[in-house]
Amino acid sequence: MAKLHIDPKRLPVDAIAGEPAVPADRLDAAWLRARLAHPPLWEPELPEDMRQRFPVLRRAAVLIPLVRRPDGLTVLLTQRTEHLTNHAGQVSFPGGGAEELDSSPIETALRETEEEIGLSRRHIEIIGVLPDHVTASAYVVTPVVGLVAPPFDLTAESNEVADIFEVPLRFLMDGMNHQRMSFELPDGGGRRSFYAMPYERFFIWGATAGMLRNLFHLLRA
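- Where an unreviewed UniProt entry is consulted, the protein chain appears under the name CoA pyrophosphatase, with the organism given as Massilia pinisoli.

The following block contains the structure:
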């Protein structure tokens, strides 16, 4: 399948999702721990079902690291290097493909996080998982949510990670910051929609924004 070459930052905004922000008292470590341990009935916002497009899907997992800062929780994200085969230059969660010795998606997420950004698992408390997300690069990704306790040291794997940064969770959990965008697929393949959450100089979009939307829905439920 031919790779798409689009610059999402140049696309027009079709709409703002616009849902009310998650209440501040729900953006607390103890509340989040309880919510993910005993989630209510809620409806994930699934992207276009891409499973049928691929004969084989590879397993992967990412960590959604919620860092416990004095001013509130932040989400730790990475920007991928420009030369990678998949999702070059994009903002992503730390994570990657599963390996045979991984006992679970949680193990994949912890191992890949340590390899990519040097964040030791001793700083991470796993509090839950979100629904799997199928990407256009033929991965089925399990998002693993973890609380991260500072202080910690980070070391970017220079071949994969160009930058590491944090975004306030309250910014990402506000529907007014969720943009809806779309583009035409080649060869009459139809139109694909996605979410974007621009923050300062970083453009969060695609699968990463989609997984954040599901965290948003879970916390609002």
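## Quick look at the packing of aromatic side chains
- If you walk through the whole model with that rule in mind, you get 4 aromatic pairs.
- For the ring pair Phe171 and Tyr199, a centre distance of 5.0 Å and an interplane angle of 65 degrees mean the geometry is edge-to-face. Here Phe171, found in helix H3 (residues 169-172), pairs with Tyr199, found in strand S11 (residues 191-199); they are 28 residues apart in sequence, far enough to count as distant.
- Three or more aromatic residues link up through ring pairs in this structure, and these residues are Phe183, Phe194 and Trp205.
- The ring of Tyr139 is capped by Arg58, whose NZ or CZ atom sits 4.2 Å from the centre of that ring.
- We note Arg213 situated over the ring of Tyr195; from NZ or CZ to the ring centre the distance is 4.3 Å.

## Remarks on the nonpolar core
- Within the largest apolar cluster, 36 residues are counted, with the highest numbers of intra-cluster contacts made by Leu66, Leu77, Phe93, Leu169, Leu172, Met173 and Ile204.
- Of the residues forming this core, the biggest block, 7 residues, is contributed by helix H4 (residues 206-220).
- Not counting the four nearest positions on each side in its chain, Met173 is found in contact with Ala21, Val22, Leu27, Leu212, Leu215, Phe216 and Leu219.
- Ala109, Ile117, Ile124 and Val148 belong to the second largest nonpolar core, which has 13 residues in total.

## Here we look at the environment of Lys9
- Secondary-structure assignment places Lys9 in the segment before strand S1 (15-16).
- As for Lys9 and Trp205, which are separated by 196 residues in sequence, their C-alpha atoms are 9.4 Å apart.

## A closer look at the sheet that holds S1
- Strand order across the open sheet formed by 4 strands is S1-S10-S11-S12, with antiparallel pairing between neighbours. Unpaired on one side and paired on the other, S1 and strand S12 (202-205) mark the two borders of the sheet.
- As defined by bridge partners, S1 adjoins strand S10 (residues 179-184) across 2 bridges and the pair is classed as antiparallel. Residue Ile16 lies in a different strand from S10, and its bridge partner there is Gln179.
- The sheet contacts of H4 involve S11 and S12, and relative to S11 the element is tilted by about 80 degrees.

## As for the side chain of Arg35
- Within the fold, Arg35 resides in helix H1 (residues 29-37).
- No salt bridge is formed by the buried Arg35, whose closest oppositely charged neighbour, Asp25, lies at an N-O distance of 9.5 Å.
- Within the structure, the side chain of Arg35 is placed 3.0 Å from the backbone oxygen of Ala221, a separation counted as a polar contact.
- In contact with Arg35, not counting residues within four places along its chain, are Arg26, Pro40, Leu218, Leu219 and Ala221.

## Focus: H4
- Along its 15 residues, H4 runs 21 Å from first to last C-alpha, staying within 8% of the 21 Å computed at 1.5 Å per residue.
- Burial analysis of H4 places 13 of its 15 residues in the buried class, the great majority of the element.

## Some details on the pattern of salt bridges
- Tallying each qualifying case throughout the model produces 14 salt bridges.
- Among the salt bridges present, the one from Arg33 reaches Glu125, with a minimum N-O distance of 2.7 Å. Taken as a pair, Arg33 in helix H1 and Glu125 in strand S6 (residues 124-129) lie far apart in primary sequence, 92 residues in all.
- The partner of Glu184 in a salt bridge is Arg191, and the shortest N-O contact between them spans 2.9 Å.
- Connected through salt bridges with shared partners, the residues Glu99, Asp102, Arg111, Glu112 and Glu115 form a single ionic network.

## Quick notes on the environment of Pro143
- The residue Pro143 is located in strand S8 (residues 139-148) in this model.
- Classification of Pro143 as buried rests on a relative accessible area of 1%.
- A sequence separation of 15 residues divides Pro143 from Gly128, and the C-alpha atoms of the two residues are 8.8 Å apart.
- For Pro143, the residues in contact, after removing those within four places along its chain, are Val62, Ile64, Gly128, Val129, Leu130, Pro131, Asp132 and Met211.

The rules behind each value
Each residue is numbered by its place in its chain's sequence as written, counting from 1. Totals for whole chains, interfaces and linings use all residues, but because this is a predicted model, local features are given only for residues with pLDDT of at least 70 and pairs of side-chain atoms are given and counted only at 80 or more. Derived side-chain values reflect all non-hydrogen atoms in the structure, with water molecules and hydrogen atoms excluded from consideration. Put simply, two rings from Phe, Tyr or Trp (the six-membered ring, in Trp's case) pair if the centres are within 6.5 Å, and we call them stacked under 30 degrees between planes, edge-to-face over 60, tilted for the rest. Segments assigned H or I by DSSP are reported as helices when at least four residues long, segments assigned E as strands when at least two residues long, and all are numbered from the N terminus. We count a charge as sitting over a ring when the NZ of a lysine or the CZ of an arginine lies within 6 Å of the ring centre and within 35 degrees of the ring normal. Residues belong to a common nonpolar core when they are buried Ala, Val, Leu, Ile, Met, Phe, Trp, Tyr or Cys residues joined through side-chain atoms within 4.5 Å. For the exposure calls, accessible area comes from a 1.4 Å probe over protein chains only, and a residue counts as buried if that area is under 20% of its type's maximum, exposed if over 50%, partly exposed in between. Only heavy atoms matter for contacts: two residues are in contact if any of them lie within 4.5 Å across the pair. Two strands qualify as a pair provided that DSSP identifies no fewer than 2 bridges between them. Note on method: axes are straight lines fitted to C-alpha atoms, helices fitted across the in-contact stretch only, with angles between N-to-C directions ranging 0 to 180 degrees. For the purpose of charge, His is not counted, nor are the chain termini; Lys and Arg are scored as positive and Asp and Glu as negative. The term salt bridge refers to a side-chain nitrogen of Lys or Arg lying within 4 Å of a carboxyl oxygen of Asp or Glu. For the purposes of these results, a polar contact is taken to be a pair of N or O atoms within 3.5 Å, where, inside protein, one atom must be able to donate a hydrogen and its partner to accept one; residues adjacent in sequence count only when each atom of the pair is a side-chain atom. A helix is expected to span 1.5 Å for every residue after the first.

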